[in-house]
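A structural walkthrough
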Amino acid sequence: MFEPLRFEKLNETDVREEVIAPLIRRLGYRSGTDCDVIREQSLKYPKIFLGRKEAKKDPELRGKADYILEVDGRLRWVIEAKAPEVPLGQDPIEQAWSYANHPEVRSIYFALCNGRELAVYRTAFGPAADATLCVSYENFESEWQLIENLLGPVAMRRDYPNIELDVGLPIAPGLRSIARITNGVIRYEKSSIALPVLTELQHSIRDGAVERDDGGRLVAFLRTSGPSRSLQALNEKLGLDAFEMLCADTQLSTDPALPSQFVYESVVTIPAGEKMLDLSTWKEVQLPMTMTCTIRAEARGSFNAGVFAGPFFTLMEYPGLGLKVLMSGAFEVHVA
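Here the structure is a predicted model, which is why all the values come from computation and not from measurement. (Residues numbered from 1 in each chain as written. Predicted model: local features only at pLDDT ≥ 70, side-chain atom pairs only at ≥ 80, totals over all residues. Heavy atoms only, no water.)

1. Focus on the layout of surface pockets
- As a volume, the largest pocket reaches approximately 600 Å³.
- Lining the largest pocket are 28 residues, and of these Leu 234, Met 276, Leu 277, Leu 279 and Tyr 318 sit closest to its centre.
- Looking at the lining of the largest pocket, the elements that each hand over two or more residues are α5 (229–237), β12 (275–278), β15 (307–318) and β16 (323–335). (1 Å grid on protein atoms, 1.4 Å probe; cavity = no way out; pocket = protein on both sides within 12 Å on 5 of 7 lines; lining within 4 Å. Points joined across faces, edges and corners; volume = space filled by probe spheres on them. Helix = DSSP H or I, 4+ residues; strand = E, 2+ residues; numbered from the N terminus.)

2. Some points on the packing of aromatic side chains
- In total, this model carries 12 aromatic pairs according to the counting rule given.
- Residues Phe 2 and Phe 140 carry aromatic rings whose centres are separated by 5.2 Å and whose planes lie at 90° to one another, so their mutual orientation is edge-to-face. With Phe 2 in the segment before α1 (12–27) and Phe 140 in the loop between β6 (133–136) and α3 (144–151), this residue pair connects regions lying 138 residues apart in the sequence.
- For Phe 2, a relative accessible area of 11% gives the class buried. (Phe/Tyr/Trp six-rings, centres within 6.5 Å; stacked < 30°, edge-to-face > 60°. Buried < 20%, exposed > 50% of the residue type's maximum accessible area, 1.4 Å probe, protein only.)

3. What about the packing of α1 against α3?
- One way to put it is that α1 packs onto α3 with a least axis distance of 10 Å and a crossing angle of 70°. With respect to α3, the element α1 is oriented roughly perpendicular. Here the hand of the crossing between α1 and α3 comes out right-handed. Note on element contacts: α3 touches α1 through Trp 144, Ile 147, Glu 148 and Leu 151, opposite Leu 23, Arg 26 and Leu 27.
- Taken together, the residues of the contact of α1 with α3 break down into 5 nonpolar, no polar and 2 charged. (Axes fitted to C-alpha atoms, helices over the stretch in contact; angles between N-to-C directions. Parallel < 35°, antiparallel > 145°, perpendicular 65-115°, else oblique. Left-handed = near helix turned anticlockwise from the far one by under 90°. Contact = heavy atoms within 4.5 Å. Nonpolar A, V, L, I, M, F, W, Y, C, P; charged D, E, K, R; others polar.)

By themselves, these are just geometric observations and shouldn't be taken as functional.
Here it is in structure tokens:
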């Protein structure tokens with residue numbers, strides 16, 4: 001499985017495909033199974049500055065873990081890919097540890113691999129500790145039992161039979177105090193303007209998280225994908241490819257009659273000369289003037305058996321054009 005490679009010809013993507021993907025597959029991890037593979041999970045981080053917070057100088061931080069390997073929905077380790085020419089030094093170690101130690105992940109181990117070498121660390125020991133295991137690529141076969149005995153699903157279950165305590169208020173029954181959005185869908189069903197495409201739109205929810213802000217309110221962060229490249233580009237220009245929604249509740253409602261309401265508000269300015277997709281012709285047009293769009297979206301839902309679902313509406317106003325577009329539909333978000 002681990003054939004000789006010319007690492008001088010490989011980049012980080014090649015390391016993922018030619019080294020890490022075969023590694024985790026041979027260990028017994030598969031997406032959608034009890035030994036799950038979660039790719040490129042977005043994570044939210046504390047603010048940059050300590051002490052008093054200033055909104056303008058202290059932006060929210062987000063990162064993205066390359067791979068999270070999860071056993072039985074509770075035991076996790078992460079692995080970060082690097083290009084072969086990148087040494088596995090302190091900066092990459094701290095980056096990988098920040099993902100592993102994140103409250104949405106809580107992984108037991110974190111690993112780095114630049115193709116040439118695999119290094120595994122215990123998360124609880126911090127980023128300054130020595131590696132628990134280091135194996136060069138040419139020794140993957142000869143030292144496979146050492147790798148499997150540390151990172152394989154059987155080893156994870158054997159060594160960590162107890163679930164880590166979470167003393168925080170659960171996001172919903174059966175969830176932890178921070179929950180991961182694994183996937184979902186947004187379906188548009190009605191529109192205030194007569195464009196059939198607006199009643200047939202369907203966007204995928206790629207991933208995200210539900211957590212609480214400093215005041216205890218729920219915050220949902222979502223990343224979405226449009227059904228086509230042109231619609232995805234439009235979503236990115238409108239800031240709808242990745243966004244946060246706020247809710248006054250402290251837990252997701254389980255009662256459809258009393259749903260939790262999440263709200264998103266934004267103002268987007270698109271400069272003159274920018275190209276935008278015209279949904280009536282499905283062609284890009286150049287804006288003759290600067291356009292401002294005010295967006296408000298509300299989603300009301302209840303939680304049941306791992307799914308938060310319900311109706312939503314999105315109101316988009318273009319003051320310079322005297323245009324309002326109201327769209328509505330339904331959504332479902334899978335939360336773990």
